[in-house]
Amino acid sequence: MRIQDKIILITGGNAGIGLEMAKQLTKLGAKVIICGRNEATLASAAKQFDLDYIRCDVSLAYDQKLMVKALQARYERLDMLINNAGMMHKYAFVDDADTLTKVVEEIQVNAISPLSTTYHLLPMLKRSHDAAVVFVSSVLAYVPSPAAPIYSGTKSFIHHCAQTLRYQFKAYNIKVFELLPPATKTAMAVNFDSAKIPLMSVEKLVAEFIKGLQHDRFEIVAGSSKQVRLMSRLAPKFLFKQIVKSFN
Ligand SMILES: NC(=O)c1ccc[n+]([C@@H]2O[C@H](COP(=O)([O-])OP(=O)(O)OC[C@H]3O[C@@H](n4cnc5c(N)ncnc54)[C@H](OP(=O)(O)O)[C@@H]3O)[C@@H](O)[C@H]2O)c1
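Attention here is on the structure that accompanies the text.

With that settled, the discussion passes to the overall build of the protein chain. Each helix and strand counted, the protein chain has eight helices and seven strands in total. Viewed in the frame of its principal axes, the protein chain has a C-alpha envelope of about 50 × 40 × 35 Å. For the protein chain, the proportion of its 248 residues judged to be buried stands at 40%. Taking the intrachain contacts of the protein chain between residues at least 6 apart in sequence as the baseline, contacts between residues at least 24 apart amount to 64%.

Taken in spatial order, the seven strands of this open sheet run E3-E2-E1-E4-E5-E6-E7, and their pairing is parallel. Edge positions in the open sheet fall to strand E3 (52-55) and strand E7 (219-221), since each of these has one partner strand only. Neighbouring strand axes in the sheet, compared pairwise and without regard to direction, differ in orientation by 15° on average. Two strands pair when backbone bridges link them, and strand E1 (residues 7-11) and strand E2 (residues 31-36) are joined in this way by five bridges, in the parallel orientation. Each residue of the ladder has a partner; that of Ile10, found in E2, is Ile34.

This part takes up helix H5 (residues 149-169). Compared with the 30 Å implied by 1.5 Å per residue over 21 residues, the 30 Å span of H5 between its first and last C-alpha is a close match. The set of residues buried in H5 consists of Ile150, Tyr151, Ser152, Thr154, Lys155, Ile158 and Ala162. Where the residues of H5 are buried, they touch helix H4 (99-126), strand E5 (131-136) and strand E6 (174-180).

Looking at the element boundaries, Pro149 is found in helix H5. Using a count of 18 C-beta atoms within 10 Å as the deciding quantity, one classes Pro149 as partly exposed. Each C-alpha atom of the pair Pro149 and Ala92 lies 8.4 Å from the other, and the pair is 57 residues apart in sequence.

Along any regular strand the residues' side chains alternate between the sheet's two faces. Side chains Met80 and Ile82 of strand E4 (residues 80-83) all project onto a buried face; the interleaved residues Leu81 and Asn83 project onto the opposite face, where all are buried too. Direction of pairing for E1 relative to E4: parallel, over a ladder of three bridges. Looking at the pairing, Ile10 lines up with Ile82 of E4. Here four bridges tie E4 to E5, and the two strands are oriented parallel to one another. Within the sheet, the bridge partner assigned to Asn83 lies in E5 and is Phe135. Each parallel crossover has a hand, and the one from E4 via H4 to E5 is right-handed.

The rules behind the values
- Residues numbered from 1 in each chain as written.
- Predicted model: local features only at pLDDT ≥ 70, side-chain atom pairs only at ≥ 80, totals over all residues.
- Helix = DSSP H or I, 4+ residues; strand = E, 2+ residues; numbered from the N terminus.
- Buried ≥ 20, exposed ≤ 12 C-beta atoms within 10 Å, placed from the backbone.
- Contact = placed C-beta atoms within 7 Å.
- Pairing = 2+ DSSP bridges.
- Axes fitted to C-alpha atoms, helices over the stretch in contact; angles between N-to-C directions.
- Expected span 1.5 Å × (residues − 1).
- Right-handed = clockwise from strand over helix to strand, strands pointing away.

Structure representation (structure tokens):
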């Protein structure tokens, strides 16, 4: 799909992968709106990279409603929604003091919010002649990491939803893309052991993502996620053992 003149909302666009998407898509002529919880980083990114922003915690229904209202007031349509906002908690399910809070937070932000945001923005997306929804899942949709027990499950869930919604949205001319990044150098990966887990640069990841969008490759399996996908089909038990080793 063409990027120029598209109106694009990126959730979690004030940092990491989302911010890099905002920069590269703006360079290609899109009007990008970013959202996130932190007003200061939203405002500073917007000023620096010529973006629009709306403060919104996507896990809160009230914030989502206000974001949709603000978008409707500023734009007549939305061409692309990129569901990028995400969080990862690493914890031992049995021993952590806040296990259930973390479980609920991860499921809300990574699994439920992308679907509710998409649902609430469907009327604006339907007004576009060339609409798309993007889900950002993860390489961990192919193989779970024991270090992030619930995060892996949420990404696998989104991987399935992207496939079913791609099929259902065809009737409404809304394309559904999915980006499956490998471990990528952002704040989320700050505690990953880079000797064991090679980190992709965020610039390279986003360049590959945009190429995928432009060529209508609906499942964008970036960088080393391709090898992991192959291994998950050929030797899933061996792959899981490798993941366990790399996270120990
Ligand atoms: N980095 C990796 O290795 C990696 C690998 C595979 C997949 N991913 C996925 O890629 C996406 C982006 O991750 P990243 O690495 O760029 O992470 P990051 O640098 O930690 O950025 C996370 C972004 O999400 C926003 N966010 C978090 N919770 C939110 C909420 N409740 N409401 C609104 N915004 C929220 C944050 O903004 P605020 O703090 O202002 O809310 C921030 O902009 C995530 O879905 C992640 O799961 C990352």
